[in-house]
Amino acid sequence: MFKRARIAAKSAARRSTFARRVLAALLAASLLPAAASSVEARDPLLAYGARIVGDDARTRIVIDFDREPRFSVHYIANPERIVVDLPATAFGFPAKDLAARGLFKDIRYGKMDEESARIVLTTTGPVKLALAKVQADEAGKGHRLVLDAEMIDKRAFAELVKTQSWSDRTDAAQTRSAIPAPEKAAPGDFVIAVDAGHGGIDTGAIGVDTKTEEKQVTLAFAKALTDRLNKEPGIKAFLTREDDEFLSLSQRVLIARQNHAGLFISLHADTLKQKDIRGATVYTISDKASDKLAADLAERENLSDQIAGKETVAEPPEVADILLDLTRRETQAFSISLAESVLNSFKDQVGTINNPHRHAGFRVLQAPDVPSILLEIGFLSNAEDEKLLLDEAWRGKIVGLLTDAVKRYRAAVMANGG
């Protein structure tokens, strides 16, 4: 009897051990997707080759990846665009290999956040992907994504937009990760949001000689300015973006407001058709543009969301509120005061264009309660400005002058009981 009991006990122990092993295996399996996602974020896909062929009736895009990519496709109207969402991806092929042609008049691609990338195909008219698939490379070098686009009529495109299942995971992810948590400001600290224009898939302007992207220039200046401002007692500055990440215009405004910023400074380095124009310009918001140059610039900057394949969402009409209107007027007056302080700092130190304080309807300056300016530090379309924009010593000079301007502005606000 004892022998049978020992045998039964051993059998039960073996079953228990086996059950624990099975349970461990199931738990490990349940964790695999999260682990794979984590590895994917650390080790992005590599898009190492691309090609585009076709005409204005049918166009094919092929992109080579080092391993199989997951992807999703969505359609956006006004203007018509096809958005291809990918996991984190490094794009390693020359830009000319995917230059727009055929049914596509503009092609953008790049990082959205740490875990996602996006390809945005702006089309010449209503277009659909007749084929969108991943297939293994015959030579065993990885996988390729094949996109075959063809013309359709407006009604068919509208139906595509209407019936698609749009679950913008990248937007949800970046909204959570985009809003930074800067060191908590001490009571009485003057909080400043420093906004590096463009980022991620939205490269901004391109340097005329070095082909440097505007998003790199603005981030370098923004980091330097934030570091310099944070050395000043009573001032706490933070970045709206800390790396090469896309932020929508409304997100930038939201970040400033959620962190209770008392100032918002957006840094840019645009290009102009007139290559001889150079120098800094300070812009404030206005319903009516001060001139055509300001109007054109605002129109280009306000297209950032479209470049990144963001759906155009109509702003809800706000209820007429005399207090809100007064707040906006006061904020606009403070914005103008800041612009004048910056230009006073630059006087005889930094070249500016004619009439250097201009205004237009920039969406990134629309916070009703945060004084805001957009500073064009210089123009990447001008060879001399481009050299300065890439010069570390000149960057330090600009940062010092901007800090002086902010200190004067703050002193004036404090003197008036602000």
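Before reading on, note that the structure itself is shown above.
Below is a summary of the structure that appears in this document. Note that the coordinates shown come from a computational prediction; the quantities given were computed from them, not determined experimentally.

Thresholds, definitions, all that
Residues numbered from 1 in each chain as written. Predicted model: local features only at pLDDT ≥ 70, side-chain atom pairs only at ≥ 80, totals over all residues. Heavy atoms only, no water. 1 Å grid on protein atoms, 1.4 Å probe; cavity = no way out; pocket = protein on both sides within 12 Å on 5 of 7 lines; lining within 4 Å. Points joined across faces, edges and corners; volume = space filled by probe spheres on them. Helix = DSSP H or I, 4+ residues; strand = E, 2+ residues; numbered from the N terminus. Nonpolar A, V, L, I, M, F, W, Y, C, P; charged D, E, K, R; others polar. Pairing = 2+ DSSP bridges. Axes fitted to C-alpha atoms, helices over the stretch in contact; angles between N-to-C directions. Parallel < 35°, antiparallel > 145°, perpendicular 65-115°, else oblique. Left-handed = near helix turned anticlockwise from the far one by under 90°. Contact = heavy atoms within 4.5 Å. Core = buried A, V, L, I, M, F, W, Y, C linked by side-chain atoms within 4.5 Å. Buried < 20%, exposed > 50% of the residue type's maximum accessible area, 1.4 Å probe, protein only. Phe/Tyr/Trp six-rings, centres within 6.5 Å; stacked < 30°, edge-to-face > 60°. Lys NZ or Arg CZ within 6 Å of the ring centre and 35° of its normal. Arc of directions from axis to C-beta.

1. A look at the layout of surface pockets
Turning to step 1, where the next piece is worked out: Space inside the second largest pocket adds up to approximately 560 Å³.
Turning to step 2, where the next piece is worked out: Along its surface, the second largest pocket is lined by 22 residues, and A95, Y109, T203, I206 and E213 are the ones closest to its centre.
Turning to step 3, where the next piece is worked out: Top element by residues in the lining of the second largest pocket is strand β6 (residues 104-113). It accounts for seven residues.
Turning to step 4, where the next piece is worked out: Of the residues contributing to the lining of the second largest pocket, the split by class is 10 nonpolar, five polar and seven charged.

2. With respect to the sheet that holds strand β5 (residues 89-91)
Turning to step 1, where the next piece is worked out: With mixed pairing, the five strands of this open sheet are ordered in space as β5-β1-β2-β9-β8. Two strands bound the open sheet, and with one partner strand each, they are β5 and β8 (127-136). For this sheet the average axis-to-axis angle between neighbouring strands, irrespective of direction, equals 25 degrees.
Turning to step 2, where the next piece is worked out: Bridge analysis of strand β1 (residues 45-54) against β5 gives three bridges, and the strand direction is parallel. Each bridged residue has a counterpart across the sheet, and for A47 the counterpart in β5 is F91.

3. Brief notes about the packing of helix α4 (residues 214-229) against helix α10 (residues 392-415)
Turning to step 1, where the next piece is worked out: Between α4 and α10, the shortest axis-to-axis distance is 9 Å and the interhelical angle comes to 50 degrees. Comparing their axes, α10 and α4 come out oblique. In terms of crossing hand, the pair formed by α4 and α10 is right-handed. Between α4, through A220, F221, A224, L225, R228 and L229, and α10, the contact on the second element is made entirely by W394, R395, I398, V399, L402, T403 and V406.
Turning to step 2, where the next piece is worked out: Its residues assigned to classes, the contact of α4 with α10 comprises 10 nonpolar, one polar and two charged.

4. Points about the nonpolar core
Turning to step 1, where the next piece is worked out: I192, V194, L267 and F346 are the most contacted members of the largest nonpolar core, which has 40 residues in total.
Turning to step 2, where the next piece is worked out: Those elements that provide at least two residues to this core are β10 (190-196), α4, β11 (235-239), β12 (263-268), β13 (280-285), α8 (322-346), β15 (372-376) and α10.
Turning to step 3, where the next piece is worked out: In terms of residue count, α10 provides more of this core than any other element does, nine residues in total.
Turning to step 4, where the next piece is worked out: Beyond its immediate sequence surroundings of up to four residues, V194 is in contact with A222, L225, T226, L229, A237, F238, L239, T240, I265 and L267.

5. Quick notes on the packing of aromatic side chains
Turning to step 1, where the next piece is worked out: Tallied over the entire structure, the rule returns eight aromatic pairs.
Turning to step 2, where the next piece is worked out: A ring pair is formed by F221 and W394, whose centres lie 6.3 Å apart and whose planes are at 80 degrees; its orientation type is edge-to-face. Of the two residues, F221 is situated in helix α4 and W394 in helix α10; the sequence distance between them amounts to 173 residues.
Turning to step 3, where the next piece is worked out: The exposure class assigned to F221 is buried, which follows from its relative accessible area of 2%.
Turning to step 4, where the next piece is worked out: Feature note: the residues F91, F93 and Y109 constitute an aromatic cluster, connected by ring pairs.
Turning to step 5, where the next piece is worked out: Note that R395 overlies the ring of F221, its terminal NZ or CZ placed 5.6 Å from the centroid.

6. Focus: helix α6 (residues 292-301)
Turning to step 1, where the next piece is worked out: Residues of α6 that are buried include every one of L293, A294, L297, A298 and E301, and no others. The arc enclosing the buried residues of α6, seen along the axis, measures out at 130 degrees, which places them on a common side. Counted as exposed and oriented over 90 degrees from the buried face of α6: K292 and E299.

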